[in-house]
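# Residue-level structural notes
Here is how the chains run, residue by residue.
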Amino acid sequence: MTPAFNAVTSGLRAGLVNAAVTGCLAFALLAAPAARAEDANPVLAKVNGAEIRQSDVDLAEQELGPSLAQLDPATKKENVLAFLIDMKIVAKAAEDKKIQDTPEFKKRLEFARARLLMDDLLAAEGKAGSSDEAMKKVYDEAAKQISGEQEVHARHILVETEDEAKAVEAELKKGADFAELAKTKSKDPGASDGGDLGFFTKDQMVPEFSAAAFALEPGKISEPIKTQFGWHIIKVEEKRSRKPPSFDQVKAQIEQYVTRKAQSDYVAKLRQSAKIERMDQPAAKPDAAKPADAAKPADAAKPATPAPAKK
């Protein structure tokens, strides 16, 4: 073999080795993301060759929800995996019996499909509608209604009869401590706290009680007041203008409200453009004197404005 030929063959071998190394490296780089993806979603079991992955367990946990709430993570995972294994076994047996071809199954499958489509779309609309800007707007509007409203901090002693109330009133006039007397005389569940009711607004109490409480100055005690619950002696501790809770205190409630409102508004918008025919109801007769109004969707129920946290 000539020196020239040796040089050529050596170079060729080196080129093939380099190509092989480069090819292996390229394959490794291309395969790495797939391997990482599989590591993040490993196969946990196989049933007659059909794989059950971690993502299947995660989805089943979401669907099974409350029934798993009391289980520790390890027990939860084991139970869900066992459920999925049984489900695949039984589902295959059902397919072998051609259950999927029955009219009843097809109806339920179509219902489940429509429900999943609805849930996913409304979830997306709700998420889009619950922006920080939308939540802040709702908070600011509610805060304006709350600010400036008067509230009272009061205690009370509740007894069965007017005579008992007058006896309590007499003891208080002699200098008895209101809170201590409430602990021993009042039948109200808050008696152990000295009859403390905390702060409240007029609409949070029955009218007779509110009228008496808001008429008193701080430190003053009422005469016996009768309500549907019995006879009360009221002591006002403090009066103030109501302050709204901070945004962070009610953020979760506001987020739930704006999410539901966005979903409700979206459904109402779709209803306006849909042709809806109710065969179970008689057709409405249009007023001859004026053209029929366009049908409007019923307003969806709206959650109440979040109440402030009790201080």
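What you see is a predicted model, and the numbers here were worked out from it, not measured in a lab. What you see as residue numbers is a count from 1 along each chain, following the sequence as written. Local features are withheld for residues below a pLDDT of 70 in this predicted model, meaning they are given only at 70 or higher, and side-chain atom pairs are given and counted only at 80 or more; totals for whole chains, interfaces and linings count all residues. To get the side-chain values, all heavy atoms of the structure are used, and hydrogens and water are removed first.

## A look at the packing of helix α6 (residues 162–173) against helix α7 (residues 178–185)
Every axis in this analysis is a line fitted to C-alpha atoms, fitted for helices over the stretch in contact. Angles between the N-to-C directions lie between 0 and 180 degrees. Runs of H or I in DSSP of at least four residues are treated as helices and runs of E of at least two as strands, each being numbered from the N terminus. At their nearest, the axes of α6 and α7 sit 11 Å apart, and the two run at 150° to each other. Here α7 runs roughly antiparallel to α6, going by the angle between their axes. Note that α6 runs across α7; the crossing there is right-handed. When α6 is examined against α7, the residues V168, E171 and L172 are found in contact with a partner set consisting of F178, L181 and K185. A per-class count over the contact of α6 with α7 returns four nonpolar, no polar and two charged. An angle counts as roughly parallel when it lies under 35 degrees, as roughly antiparallel when it exceeds 145, as roughly perpendicular when it falls between 65 and 115, and as oblique in every other case. Less than a right angle of anticlockwise turn of the near helix away from the far helix marks a crossing as left-handed, whereas a clockwise turn marks it as right-handed. Should any heavy atoms of two residues lie within 4.5 Å, those residues are counted as being in contact. For this classification, Asp, Glu, Lys and Arg are treated as charged, while Ala, Val, Leu, Ile, Met, Phe, Trp, Tyr, Cys and Pro are nonpolar and the rest, including Gly, are polar.

## Some thoughts on α6
By this rule the span expected of a helix is its residue count minus one, scaled by 1.5 Å. Over its 12 residues, α6 extends 16 Å from the first C-alpha to the last, a length consistent with the 16 Å expected when each residue adds 1.5 Å. In the stretch just after α6, G175 is the one whose phi turns positive, near 105°.

## Observations concerning the sheet that holds strand β6 (residues 230–241)
Strand order across the open sheet formed by four strands is β4-β3-β6-β5, with antiparallel pairing between neighbours. Taken across any chain shown, the strands that pair with only one partner, and hence form the sheet edges, are β4 (196–200) and β5 (225–227). Averaged over all pairs of adjacent strands, the angle between strand axes in this sheet comes to 40°, irrespective of strand direction. Pairing analysis gives three bridges linking β5 to β6, with the strands arranged antiparallel. Paired with T227 across the strands is G230, a residue of β6. The strands that α7 touches are β3 (150–159) and β6; relative to β3, the one it contacts most, it runs at about 45°. Following DSSP output, two strands are said to pair if at least two bridges run between them.

## Focus on the pairing of β3
Burial status follows relative accessibility: with a 1.4 Å probe on protein chains alone, a residue under 20% of its type maximum counts as buried, one over 50% as exposed, and anything between as partly exposed. In terms of residue burial, β3 counts as a mostly covered element, since nine of its 10 residues are buried. Alignment of β3 against β6, held across 10 bridges, turns out to be antiparallel. Bridging from a neighbouring strand, R155 pairs with K235 of β6.

## Details of the confidence of the model for the chain
Here the chain averages 83 in pLDDT, and 79% of its residues register 70 or above. Predictor confidence is given residue by residue as pLDDT, running from a minimum of 0 to a maximum of 100. Contacts from residues 1–32, a stretch scored under 50 in pLDDT, to residues over four places away or in other chains number one contact. Long-range and interchain partners of residues 290–311, a stretch whose pLDDT sits below 50, account for 21 contacts in this model, where long-range means more than four residues apart.

## Some thoughts on unusual backbone geometry
The phi dihedral of N48 falls on the positive side, at around 50°, and the residue is not glycine. Residue classification places N48 among the exposed positions, given a relative accessible area of 76%. Despite not being glycine, K98 shows a phi value in the positive range, around 65°.

## Focus: the pattern of salt bridges
Throughout this description, the term salt bridge denotes a Lys or Arg side-chain nitrogen within 4 Å of a carboxyl oxygen of Asp or Glu. Inspection of every chain in the model, using the stated rule, returns 13 salt bridges. For E151, the salt bridge goes to R240, with nearest N and O atoms at 2.7 Å. You can see E151 sitting in strand β3 and its partner R240 sitting in strand β6, a full 89 residues away along the chain. R240 gets classed as partly exposed once you look at its relative accessible area, which sits at 29%. R278 is paired through a salt bridge with D280; the nearest N and O atoms lie 2.8 Å apart. When its relative accessible area of 47% is taken as the criterion, R278 is described as partly exposed.

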